[in-house]
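Survey of secondary and tertiary structure
Here are the chains, one letter per residue:
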Amino acid sequence: MTIRNFEPKFMKVGVLTAALQELTPRDVRDDDPDRAVEDWLAFGREIGADVLQLSAALHPAESDVPAAAMLDPVANTLDLRAPFDARRRDRLEAAMKATRVGLSDLAYFDNLLHEDSAVRRKKLDFMRRVLDAAVLLGVPAVCGFVGRDQTKSMDQNLEVFEQVFVPLLQEVKARGLRYRVEQCPMPGWTTNDNFHNNIGYAPGAWIALHRICERHGVGEQLRVHYDPSHSVLMGQDTRSVFQFLKDSGYAFLIDGFHVKGQVVDARGVSEWGYGGQTMNRGDWASGKPSSEPADQLKAWKKQTVLCEHELPGTARHDPLAYLQNRSVDWLDHQLAARQLLPMDFTSAPLIVEHEYGPARTQDRERLRPILAGSLAFTRKIDEAAACMFALQSEVLPAQGIAVQGRGREPFRS
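Only a predicted model underlies this, so the values are computations on that prediction, with no experimental measurement involved. (Residues numbered from 1 in each chain as written. Predicted model: local features only at pLDDT ≥ 70, side-chain atom pairs only at ≥ 80, totals over all residues. Heavy atoms only, no water.)

**Regarding the pattern of salt bridges**
- In total, this model carries 39 salt bridges according to the counting rule given.
- Note that Glu-22 is salt-bridged to Arg-29, the shortest N-O span being 3.2 Å.
- By relative accessible area, Glu-22 is classed as partly exposed at 32%.
- Here Lys-260 makes a salt bridge to Glu-353, at a shortest N to O gap of 3.1 Å. Of the two residues, Lys-260 is situated in the loop between strand S7 (254–259) and strand S8 (261–264) and Glu-353 in the loop between strand S12 (349–352) and helix H14 (364–398); the sequence distance between them amounts to 93 residues. (Salt bridge = Lys/Arg side-chain N within 4 Å of Asp/Glu carboxyl O. Buried < 20%, exposed > 50% of the residue type's maximum accessible area, 1.4 Å probe, protein only. Helix = DSSP H or I, 4+ residues; strand = E, 2+ residues; numbered from the N terminus.)

Have a look at this one:
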């Protein structure tokens, strides 16, 4: 008989800095670009974060998409209008040392396959700045979307990916980094009727993209920053997604997690189905797409009529919703990851992404206990899953003791 020690492995818990865009007032941070990062590191310590996923974006004065047209506005916490250099790095490293809060990776979420060549070039150039900053800050990866060329079919977009994105991944490789794709389909990104506007949206697409990357020697650079809210949006469940990847030999693709849920409204599904609202949204006017950002925001009814983002811990415990894949069962999410994915759970990031509208206040004092509670919930759920996994998959089997019950199963209807 072998006795194996009880050694649960816990993940690093963090938060995406877009959770509080105006932590540092705009007039302060525009004049002192690194002040926003210092303030977020201090705030991260206050709310109990191990790490931050540091959000970068085109400055509002430079972006082609108005904030008023975004369901979840991005944040340029890391201001890269001026290139990031060693002086700026030293300042932020001092702040990280003082707060004992680290960085998991840098994040820039944009359409890198944009059909307008000038717009696409601007976005790719900015991503290169993000890559350079990641190297200086010593983080292992950047996180972002792939995007879509709206003038082409999905099959044609695979060709665009090979022409446009593979050269970017070659630059990622040259810098010793990885690119983690978040899989949101971005249904409201445009006023057209496409639901899938980010081609890296599901396991079948990840595998197709990775095979292209392998042909060009950059397979090691493409990974996935998995977000279960998007799986719920598309009618998938986490355990089955992970099982499919394992069965297909691609479980290695998942390299980190966004902890954000989705709560599906059964009435919305009854009215429109999982494709969302397809007509009379209000994003068109006089027979063409509206030029008003507030109208363009209504394109997101492709998503919002049937579901609402969840900040972990804020949605009621709903076993029936878990079984119907209409809300995220966080405990099973973390268990499934340990049972099915070959990850180093002591270093992989577990990043809370706050996009629950009613709680998305920009008031620091109001938001502090909300984020602190969500991070604490996330940490305890991960610790519970780690303990269950260590006990049931390591300690008991070593002594030949059976685990009780059946548990949740993938692909079960």
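Still to come is the rest of the account.
**Regarding the nonpolar core**
- Membership of the largest hydrophobic core comes to 93 residues, with the highest contact counts inside it found for Trp-40, Leu-106, Phe-161, Phe-242 and Phe-257.
- Setting aside anything within four residues of it in sequence, one finds Trp-40 in contact with Val-15, Leu-16, Thr-17, Ala-19, Leu-20, Leu-23, Ile-47, Leu-52, Thr-77 and Leu-371.
- Core analysis: the second largest hydrophobic core is formed by 12 residues, Val-51, Cys-143, Phe-145 and Trp-300 among them. (Core = buried A, V, L, I, M, F, W, Y, C linked by side-chain atoms within 4.5 Å. Contact = heavy atoms within 4.5 Å.)

**Some points on the pairing of strand S1 (residues 12–16)**
- For S1, the tally of buried residues reaches 4 of 5 residues, placing the bulk of the element in the interior.
- Bridge analysis of S1 against S12 gives 4 bridges, and the strand direction is parallel. What sits directly across from Gly-14, in S12, is Ile-351.
- The pairing of S1 with strand S2 (residues 51–55) spans 3 bridges and is parallel. When the bridges of S2 are listed, Val-15 appears paired with Leu-52. (Pairing = 2+ DSSP bridges.)

**Re the sheet that holds S12**
- Taking strand neighbours around the barrel as the criterion, the 8 strands line up as S1-S2-S3-S4-S5-S6-S7-S12 in a closed arrangement whose pairing is parallel. Taken pair by pair, the neighbouring strands of this sheet meet at an average axis angle of 30°, ignoring direction.
- Relative to S7, strand S6 (residues 222–226) runs parallel, the two sharing 3 bridges. If you follow Tyr-226 over to S7, its bridge partner there is Phe-257. (Axes fitted to C-alpha atoms, helices over the stretch in contact; angles between N-to-C directions.)

**Structural notes on the packing of aromatic side chains**
- Scanning all chains against the criterion turns up 10 aromatic pairs.
- Between Tyr-108 and Phe-126, the ring centres sit 4.8 Å apart and the planes meet at 65°, which makes this aromatic pair edge-to-face. Of this pair, Tyr-108 sits in the loop between strand S3 (102–107) and helix H4 (117–137) while Phe-126 is found in helix H4, placing the two residues 18 residues apart along the sequence. Exposure class is identical for Tyr-108 and Phe-126. Each is buried.
- With 5.4 Å between their ring centres and 75° between their planes, Phe-145 and Trp-189 make a pair best called edge-to-face. Note that Phe-145 is positioned in the loop between strand S4 (141–144) and helix H5 (154–174) and Trp-189 in the loop between strand S5 (178–182) and helix H6 (203–215), a separation of 44 residues in sequence.
- Taking the relative accessible area as the measure of exposure, Phe-145 reaches 5% and is therefore buried. (Phe/Tyr/Trp six-rings, centres within 6.5 Å; stacked < 30°, edge-to-face > 60°.)

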